[in-house]
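Observations on the model geometry
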Amino acid sequence: MFRYAFAFLCVLSIALAACGSQPKSPSPTAPSTIEAASPLRALATTTLVGDVVRQVGGDAIRLDVLLPVASDPHSFEPTPQDVLKLASTDVLFINGAGLETFLDRLISSADSQAKVVDASQGIQLLASQEAHEHEGEEHDEEHPAGDPHVWMDPNNVLIWVDNIERSLSELDAANAATYHANAQRYRQELQQLDAWIRQQVAQIPPANRKLVTDHLVFTYFAEEYGFTQVGAVIPGYSTLAEPSAQDLAALEDAIRELGVKAVFVGSTVNPALAQRVAQDTGVRLVFIYTGSLSQPGGEAATYLDFMRYNVRAIVEALR
């Protein structure tokens, strides 16, 4: 039924467009690339990818974002309006790494000719020890290659910037200098962010650098900044699975035995199970941002703000 609704809307939109305008004869000198006078139409899957695309593209592109603010990328279901967005874009920027499990169906429904850019291309995917222990179970079937939450390390976002700049410049060579200048400025900001995170983490005694989250989201952050990812309420990379009673009991035992000080839960997920674990073990429950930025003007309105907010919350809870 979902597929038929998509197809109907796509056909309807094409028909309306045909009725509303007269066909134009192609100019004999029309370029094969997108004209500079018409901004490049870009679509990003998540608010996080979208913000980085915006930093590089600036005013030279017209950007839309597929997932609304506060959406969980693991459980997102496209709508017919999303099909129309994709059908009318020139380039689609995705997180990749297995995050957007809805993407194949969406692209097929839209019959899109847009260039798809995997922002995470070139990032070495990591797998957490907790995920290894659950191999063969339902928890990780959607992300067999490793943790898709690559943005939790700004050094990975530097690779996003490279991929985004290169793709925009190839599609819109007239604005390549603008994209390069924007990318260079943003790289410096990411490098400054990395240095700031290291300074903040230094405030936490090494023995306290233990992370427990609602699902396995901190593999890259833990690897880069010297934390141990003790475990997660859902011992996998997706929020869609349900942990067993044995999973929860084992996690609570680890929290007690290792002296974990807090359980961190993302703003896009149901906190009920994490609240239960925190109450059972007597540790703090701390809310952070994981899969989405905040509303514009909010405390995590950009990727840089997102990381600063999370790091401050982690430091305050664990030091």
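Residue numbers here run from 1 along each chain, matching the order of that chain's written sequence. Only residues with pLDDT of at least 70 get local features here, since the model is predicted, and only at 80 or more are side-chain atom pairs given and counted; chain-wide, interface and lining totals rely on the full set of residues. Each side-chain value is derived from all of the structure's non-hydrogen atoms; neither hydrogens nor water enter the calculation.

**Considering the overall build of the chain**
Short version of the rule: Helix and strand definitions follow DSSP, with helices as H or I runs of at least four residues and strands as E runs of at least two, each counted in order from the N terminus. Every residue pair with non-hydrogen atoms within 4.5 Å of one another is taken to be in contact.
Per the secondary structure count, the chain includes 11 helices and 8 strands. Contacts in the chain between residues at least 24 apart in sequence constitute 66% of all its contacts with a sequence separation of at least 6.

**Regarding the confidence of the model for the chain**
Under the convention used in this document: What pLDDT reports is the predictor's confidence in each residue, on a scale of 0 through 100.
Of the residues in the chain, 83% have a pLDDT of 70 or more, and the chain-wide mean is 88. Scored below 50 in pLDDT, residues 1-36 shows 16 contacts in the model against residues more than four places distant or in partner chains.

**Section: the pattern of salt bridges**
Heads up, the condition is: By salt bridge we mean one thing: a side-chain nitrogen of Lys or Arg within 4 Å of a carboxyl oxygen of Asp or Glu. Note on classification: 1.4 Å probe, protein chains only; a residue is buried when its accessible area is under 20% of the maximum for its type, exposed when over 50%, partly exposed between these limits.
For the structure on display, the rule yields 13 salt bridges. Between Glu-165 and Arg-187 there is a salt bridge; the shortest N-O distance is 2.6 Å. Note that Glu-165 is positioned in helix α6 (residues 154-171) and Arg-187 in helix α7 (residues 176-201), a separation of 22 residues in sequence. Pair check on accessibility: Glu-165 and Arg-187 agree, each one buried. Put simply, Glu-189 and Arg-185 hold a salt bridge, and the shortest N to O gap is 2.8 Å. With a gap of 4 residues between them, Glu-189 and Arg-185 both fall in helix α7, about one helical turn apart.

**Looking at the packing of aromatic side chains**
Rules: Aromatic rings from Phe, Tyr and Trp, with only the six-membered ring used for Trp, were paired whenever their centres fell within 6.5 Å, and each pair was classed as stacked if the ring planes differed by under 30 degrees, edge-to-face if by over 60, and tilted otherwise.
Applying the stated criterion across every chain yields a total of 6 aromatic pairs. Between Phe-221 and Phe-227, the aromatic rings sit 5.2 Å apart at their centres with planes inclined by 40°, giving tilted as the arrangement. Among the residues examined, Phe-227 registers a relative accessible area of 8% and is labelled buried. A connected cluster of aromatic rings, assembled from ring pairs, spans Phe-218, Phe-221, Tyr-225 and Phe-227.

**Some remarks on the nonpolar core**
What counts is decided by this rule: Residue types Ala, Val, Leu, Ile, Met, Phe, Trp, Tyr and Cys, when buried and joined through side-chain atoms within 4.5 Å, form a set referred to as a nonpolar core.
Within the largest apolar cluster, 59 residues are counted, with the highest numbers of intra-cluster contacts made by Trp-160, Phe-221, Phe-227, Tyr-303 and Phe-306. Of all the elements, helix α11 (residues 303-318) adds the most residues to this core, at 10 residues. The contacts of Tyr-303, once residues within four sequence positions are left out, are Leu-48, Asp-51, Trp-151, Asp-153, Pro-154, Val-157, Tyr-186, Leu-190, Leu-193 and Leu-293. Core analysis: the second largest hydrophobic core is formed by 15 residues, Leu-248, Val-260, Val-277 and Ala-278 among them.

**Thoughts on the side chain of Ser-238**
This is how the line gets drawn: Definition of a polar contact: a pair of N or O atoms within 3.5 Å, with one able to donate and the other able to accept a hydrogen when the atoms are protein atoms, and with sequence-neighbouring residues admitted only if both atoms are side-chain atoms.
Tracing the chain through its elements places Ser-238 in the loop between β6 (228-234) and α9 (245-258). Here Leu-240 takes part through its backbone nitrogen, which lies 3.1 Å from a polar atom of the side chain of Ser-238.

**Regarding the side chain of Ser-167**
You can see Ser-167 is positioned in helix α6. By relative accessible area, which is 7% here, Ser-167 ends up buried. Those residues in contact with Ser-167 that lie beyond four places of it in its chain are Phe-93, Lys-115 and Val-117.

**Observations concerning empty space enclosed by the protein**
Formally: A 1.4 Å probe that fits into a set of points on a 1 Å grid over the protein atoms alone but cannot get out defines a cavity; an open set with protein on both sides within 12 Å along at least five of seven lines defines a pocket, and lining residues are those with an atom within 4 Å of a point. Grid points are joined across faces, edges and corners, and a volume is the space filled by probe spheres set on the points. Just so you know the grouping, Ala, Val, Leu, Ile, Met, Phe, Trp, Tyr, Cys and Pro go in nonpolar, Asp, Glu, Lys and Arg go in charged, and all remaining residues, Gly too, go in polar.
A full pass over the atoms with the stated rule returns 1 cavity of 30 Å³ or more. Reported here for the largest cavity is a volume of approximately 40 Å³. Lining the largest cavity, in full, are Asp-72, Pro-73, His-74, His-149, Trp-151, His-215, Thr-239, Thr-268, Val-269, Thr-290 and Gly-291. Of the residues assigned to the lining of the largest cavity, the class counts are 3 nonpolar, 7 polar and 1 charged.

**Details of the packing of helix α3 (residues 80-87) against helix α4 (residues 103-110)**
Formally: Axis definition: a line fitted to C-alpha atoms, over the contacting stretch in the case of helices. Angles run 0 to 180 degrees between N-to-C directions. We call two directions roughly parallel when the angle between them is under 35 degrees, roughly antiparallel when it is over 145, roughly perpendicular when it lies between 65 and 115, and oblique otherwise.
Their axes nearest at 9 Å, the elements α3 and α4 cross at an angle of 70°. Taken together, the axis directions place α3 and α4 in an arrangement best described as roughly perpendicular. Contact with α3, carried on its side by Asp-82, Val-83, Leu-86 and Ala-87, involves Leu-106, Ile-107, Ser-109 and Ala-110 of α4 and no other residues of that element. For the contact of α3 with α4, the class distribution of residues is 6 nonpolar, 1 polar and 1 charged.

**A look at the environment of Thr-89**
Tracing the chain through its elements places Thr-89 in the loop between α3 and β3 (91-94). Overall, the relative accessible area of 9% leaves Thr-89 in the buried class. Considered as a pair, Thr-89 and Leu-63 are 26 residues apart in the sequence and their alpha carbons are 9.1 Å apart. Within polar-contact distance, the side chain of Thr-89 engages the backbone oxygen of Arg-41 at 3.0 Å. Separated by 3.4 Å, the side chain of Thr-89 and the backbone oxygen of Val-91 make a polar contact.

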